[in-house]
Amino acid sequence: MFYKGNVGSAKGHFTRKHLTKGNKAATVARSVPSRPTLQAPPTVHSANAEPRLRPHDLVRSPPSGQSKDSAARGPPLTLARAAGVMGTSEVAPPTFARVAPALFIGNARAASATELLVRAGITLCVNVSRQQPGPRAPGVAELRVPVFDDPAEDLLTHLEPTCAAMEAAVRDGGSCLVYCKNGRSRSAAVCTAYLMRHRGHSLERAFQMVKSARPVAEPNLGFWAQLQKYEQTLQAQALLPRDPADPE
């Protein structure tokens, strides 16, 4: 069977054979795979890149009556944590704090805070360490108690003469600063002993006063056991009532 048709002005005949070849060519053309779509390369983040702080990350601390669901999300980003993320330094805490009238406790940096020492009226610095430097303020005396922050150290033998020197400075109208490297263990133990010996407080009450002034205060277990012995000695010598009425 033949198919007749015109292409332009030429007259020709197209057989089924020609059509079949054309269909095969079209099929081959359709079977050619399409060109792959180009994709953008993945973004590579540097391992040293600092996280960028988003505005909604700076949230206020939740109120005391927050729900359990809000607590489960973790602590909010406080100003101190935000400063760490942003790469800024936090505000340093005070180098020393007032425990009682004429009695202060601090860390080793307090010895170099000349202006603060003068402003507080410090006349005696009790340096409870072997290696920390003494005070630099003029007119401020130093009493060194050479012990390490080691539970095996004998602090008990130093308590009585140290407390006596502190009381003498106070009676002369001065004030005492007791410090060690971190203002945590040794200085806290000496301040507690002084409050027992010359302020009439029990061990428990004396330490509460020190802890309230400097929350990081925590004598090591060895020093705490020696403070217990010191309290028993004061009670046996009638220098400390067994049931003292702790003054506020």
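Structure's up top.
Conventions and cut-offs
Residues numbered from 1 in each chain as written. Predicted model: local features only at pLDDT ≥ 70, side-chain atom pairs only at ≥ 80, totals over all residues. Heavy atoms only, no water. Helix = DSSP H or I, 4+ residues; strand = E, 2+ residues; numbered from the N terminus. Buried < 20%, exposed > 50% of the residue type's maximum accessible area, 1.4 Å probe, protein only. Contact = heavy atoms within 4.5 Å. Pairing = 2+ DSSP bridges. Phe/Tyr/Trp six-rings, centres within 6.5 Å; stacked < 30°, edge-to-face > 60°. Core = buried A, V, L, I, M, F, W, Y, C linked by side-chain atoms within 4.5 Å. Disulfide = S-S within 2.5 Å. Salt bridge = Lys/Arg side-chain N within 4 Å of Asp/Glu carboxyl O. Axes fitted to C-alpha atoms, helices over the stretch in contact; angles between N-to-C directions. Parallel < 35°, antiparallel > 145°, perpendicular 65-115°, else oblique. Left-handed = near helix turned anticlockwise from the far one by under 90°. Nonpolar A, V, L, I, M, F, W, Y, C, P; charged D, E, K, R; others polar.

Caption draft 1: The arrangement of the environment of Thr162 in detail. Its place among the elements puts Thr162 in helix α5 (residues 156-171). On the basis of relative accessible area, Thr162 is assigned to the buried category, the value being 5%. Apart from the residues within four sequence positions on either side, Thr162 is in contact with Val126, Leu143, Val145 and Val190.

Caption draft 2: Spotlight on the pairing of strand β4 (residues 103-106). Side chains Leu103 and Ile105 project from β4 onto one buried face, and the interleaved Phe104 and Gly106 project onto a second face that is buried too. Sheet topology note: the strand β3 (residues 96-100)/β4 ladder contains four bridges and is antiparallel. Across the sheet, residue Ala100 finds its bridge partner in β4, namely Leu103. With antiparallel pairing between neighbouring strands as the criterion, β3 and β4 make up a hairpin whose turn holds two residues, including Ala102 at a positive phi of roughly 70 degrees. Relative to strand β7 (residues 175-179), β4 runs parallel, the two sharing four bridges. Pairing of Gly106 across the sheet is with Tyr179, part of β7.

Caption draft 3: Region of the structure containing the packing of aromatic side chains. Enumeration according to the criterion identifies two aromatic pairs in this entry. Taking the centre distance of 5.3 Å and the plane angle of 70 degrees together, the rings of Phe207 and Trp224 count as edge-to-face. Of the two residues, Phe207 sits in helix α7 (residues 203-213) while Trp224 sits in helix α8 (residues 221-236), which places them 17 residues apart along the sequence. You can call Phe207 buried: its relative accessible area is 17%.

Caption draft 4: Geometry of the nonpolar core. If you look at the biggest cluster of nonpolar residues, it comprises 35 residues, and the most contacted ones within it are Leu103, Met166 and Leu195. Where this core is concerned, the elements lending two or more residues are β3, β4, β5 (122-127), α5, β7, α6 (186-199), α7 and α8. Sort the elements by how many residues they give to this core and α6 lands first, with eight residues. Those residues in contact with Met166 that lie beyond four places of it in its chain are Leu103, Leu124, Val126, Cys176, Val178, Val190 and Tyr194. The next biggest cluster of nonpolar side chains, apart from the first, holds eleven residues, and it includes Phe96, Phe104, Ala137 and Leu177.

Caption draft 5: Summary view of the state of the cysteines. Under the criterion given, the structure shown has zero disulfides. The thiol of Cys176 is not disulfide-bonded; the next cysteine sulfur, from Cys125, is found 8.8 Å away. No disulfide involves Cys191; its sulfur sits 9.1 Å from that of Cys176, the nearest cysteine. Given the relative accessible area of 0%, Cys191 is considered buried.

Caption draft 6: Quick peek at the environment of Ala108. Inspection of the secondary structure puts Ala108 in the loop between β4 and α4 (114-120). Each C-alpha atom, one on Ala108 and one on Gln131, is 10.0 Å from the other, the two residues being 23 residues apart in sequence. Non-local contacts of Ala108, meaning those with residues more than four positions away in its chain, are made with Gln132, Tyr179, Cys180 and Lys181.

Caption draft 7: Focus on the pattern of salt bridges. Under the counting rule described, the total for this entry stands at six salt bridges. With a closest N to O distance of 3.7 Å, Glu153 and Arg130 form a salt bridge. Here Arg130 lies in the loop between β5 and β6 (141-144) and Glu153 lies in the loop between β6 and α5, a separation of 23 residues in the sequence. When its relative accessible area of 15% is taken as the criterion, Glu153 is described as buried.

Caption draft 8: Spatial organisation of the packing of α6 against α7. Running from N to C, α6 and α7 point in directions that differ by 130 degrees, and their axes come no closer than 9 Å. The angle between the axes of α6 and α7 places the two elements in the oblique class. Judged by the sense of rotation from one axis to the other, the crossing of α6 with α7 is right-handed. The residues of α7 that touch α6, namely those facing Ala188, Cys191, Thr192, Leu195 and Met196, are Leu203, Ala206, Phe207, Met209 and Val210. Residues of the contact of α6 with α7, tallied by class, amount to nine nonpolar, one polar and no charged.

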